[in-house]
Amino acid sequence: MAEPSLDDLETPPTAVAELAAAALTERTGVERHDLALTLGSGWGAAARRLGEVVAEVPAADVPGFSVSGVPGHPGTLTSIALPNGLHALVIGARTHFYEGRGVRRVVHSVRTAAVAGARVMVLTNGAGGIDPAWAPGTPVLIRDHINLTAASPLEGPTFVDLTDLYSARLRGLAQEVDPSLAEGVYVQFRGPHYETPAEVAMARTIGGSIVGMSTALEAIAAREAGLEVLGLSLITNAAAGVTDQPLSHAEVLAAGREAEPRLADLLARIVDRVARDLAARP
Ligand code: 8IG
């Protein structure tokens, strides 16, 4: 029989996630990863702060993964032993919906994390801020999302409840770590172009406060797989039209780099809090 592939629509995507999780176990020697993190723009430095790196696996060596074409997005999966003995899987290999390779590729890392044993999925991203009070470099907790991609990672009549998708319990733990953390509603556009000012005005009108190109589809897949989701956006730029500044990818990367040490520290403290909570739960 041929190796299961994400391109074969007759094969469920979880079959490829099972292969990927098995490859990770083999390459890391870690039987179970208790939580997983996807690190977006600005969040990359956090990986090494979380604990001890057990193994770093090139994404290209794991079934269903491929190297990202986006500058500033490394392509590795890192296994980390946390101070309390749990293990975290850090996914530094995000596939974006705008790459046009299908939504299965977009959420493959999340499905792999679930098969690998994760109970919590931490999704981070760089994003545009609609609230003018959020200067570039501000981290914001995602409270809810609006999915404007017109796509879903779910296949067939899979009616998944998205009430409390971004776990109030996990947001509470993050706010114990940093009570000043703001919350916002993440609006996922397809991209890769940034929004027009009129689209940002629409996003604000319908209840959004953050604009991005990644997390909503991943969060939906995480919920389907039974994972609890914590979402964090780094505001790297004011969304189009919020200020009179034009947007550039270079500026976005610069804002991410500037905020990185601070974010790494914040995320390490949040993950430590979540991991201690997980260890205490059956
Ligand atoms: I970083 O302003 C980053 N990602 N859609 N809009 C959208 N995605 C983004 C933005 C932004 N900034």
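Summary of the structure given here. As the structure is a computational prediction, the values presented were derived from the model and not from experiment.

### Looking at a nonpolar patch on the surface
A cluster of nonpolar side chains, L148, M202 and I206, forms an exposed patch at the surface whose accessible area comes to about 230 Å². Structurally, the position occupied by I206 is in the loop between α5 (197-205) and β8 (210-212). We classify I206 as partly exposed; its relative accessible area is 41%.

### Digging into the pattern of salt bridges
Under the defined criterion, the tally for this structure stands at 16 salt bridges. Between D265 and R269 there is a salt bridge, with the nearest N and O atoms lying 3.3 Å from each other. Taken together, the residues span about one helical turn, with D265 and R269 both in helix α7 (residues 249-279) at a distance of four residues. Given a relative accessible area of 35%, D265 falls into the partly exposed group. Linked by salt bridges that have partners in common, R169, E228, D277 and R281 make up one network.

### A look at the pairing of strand β5 (residues 120-129)
With nine of ten residues buried, β5 is to be regarded as a mostly interior element. In this structure, strand β1 (residues 35-38) lies alongside β5, joined through four bridges in parallel fashion. Residue L37 lies in a different strand from β5, and its bridge partner there is V122. Summarising the sheet, β5 and β8 pair through two bridges and their orientation is antiparallel. If you follow G129 over to β8, its bridge partner there is I210.

### With respect to the pairing of strand β4 (residues 87-92)
Within β4, five of the six residues are buried, which leaves the element mostly enclosed by the surrounding structure. As paired strands, β1 and β4 are joined by four bridges and run parallel to one another. Along β4, the bridge assignment pairs L35 with A88. Summarising the sheet, strand β3 (residues 76-81) and β4 pair through six bridges and their orientation is antiparallel. Across the sheet, residue L77 finds its bridge partner in β4, namely I91.

### Side note on the packing of helix α1 (residues 13-28) against helix α3 (residues 103-115)
Pairs of packed helices are described in terms of their axes, by the angle between the two and the distance that separates them. Where α1 contacts α3, the two axes come as close as 8 Å, and the packing angle between them is 55°. Taken together, the axis directions place α1 and α3 in an arrangement best described as oblique. Like other packed secondary-structure pairs, α1 and α3 cross with a definite hand, here right-handed. Each of P13, V16, A17, E18, A20, A21 and L24 in α1 lies in contact with α3, whose residues at this interface are R104, H108, R111, T112 and V115.

### Considerations on the site of the ligand
Near the ligand the following residues occur: G126, A127, G128, Y194, E195, V211, G212, M213, T236, N237, L247 and V252. Within the side chain of E195, one N or O atom sits 2.4 Å away from a nitrogen atom of the ligand. The separation between a nitrogen atom of the ligand and a polar side-chain atom of N237 is 2.7 Å. For the ligand, the accessible surface in isolation is 320 Å², of which the surrounding protein chains cover 95%. Looking at which element gives the most residues to the shell around the ligand, the answer is β5, with three residues. Its residues assigned to classes, the shell around the ligand comprises six nonpolar, five polar and one charged.

### Description of helix α4 (residues 168-177)
Turn by turn, an α-helix covers 3.6 residues, leaving residues three or four places apart pointing in a common direction. Among all positions of α4, only L170, R171, L173, A174 and V177 are buried. Along α4, the residues classed as buried sweep out an arc of 155° about the axis, all on the same side. Here the buried face of α4 lies against β5, β6 (138-147), β7 (182-188), β9 (228-238) and α7. With a side-chain oxygen lying 3.2 Å from the backbone nitrogen of R169, the N-terminal cap of α4 falls on S167.

### Here's the deal with the packing of α4 against α7
For the pair α4 and α7, interaxial distance at closest approach is 9 Å and the crossing angle is 130°. Relative to α7, the element α4 is oriented oblique. Between α4 and α7 lies a crossing of right-handed hand. Here R169, L170, L173, A174, E176 and V177 of α4 lie close against α7, whose contacting residues are L266, R269, I270, R273, V274 and D277. Taken together, the residues of the contact of α4 with α7 sort by class into seven nonpolar, no polar and five charged.

### Some remarks on the packing of aromatic side chains
On inspection of all chains with the given rule, the structure shows zero aromatic pairs. Here R190 stacks its cationic end above the ring of F97, 6.0 Å away from the centre of that ring.

Conventions used here
Residues numbered from 1 in each chain as written. Predicted model: local features only at pLDDT ≥ 70, side-chain atom pairs only at ≥ 80, totals over all residues. Heavy atoms only, no water. Patch = residues over 30% accessible without salt bridge, like charges linked within 9 Å, V, L, I, M, F, W, Y side chains within 5 Å. Areas by Shrake-Rupley, 256 points an atom, 1.4 Å probe, with all protein chains shown as cover. Salt bridge = Lys/Arg side-chain N within 4 Å of Asp/Glu carboxyl O. Helix = DSSP H or I, 4+ residues; strand = E, 2+ residues; numbered from the N terminus. Buried < 20%, exposed > 50% of the residue type's maximum accessible area, 1.4 Å probe, protein only. Pairing = 2+ DSSP bridges. Axes fitted to C-alpha atoms, helices over the stretch in contact; angles between N-to-C directions. Parallel < 35°, antiparallel > 145°, perpendicular 65-115°, else oblique. Left-handed = near helix turned anticlockwise from the far one by under 90°. Contact = heavy atoms within 4.5 Å. Near = heavy atom within 4 Å. Polar contact = N/O pair within 3.5 Å; in protein donor to acceptor, adjacent residues only side chain to side chain. Nonpolar A, V, L, I, M, F, W, Y, C, P; charged D, E, K, R; others polar. Arc of directions from axis to C-beta. Phe/Tyr/Trp six-rings, centres within 6.5 Å; stacked < 30°, edge-to-face > 60°. Lys NZ or Arg CZ within 6 Å of the ring centre and 35° of its normal.

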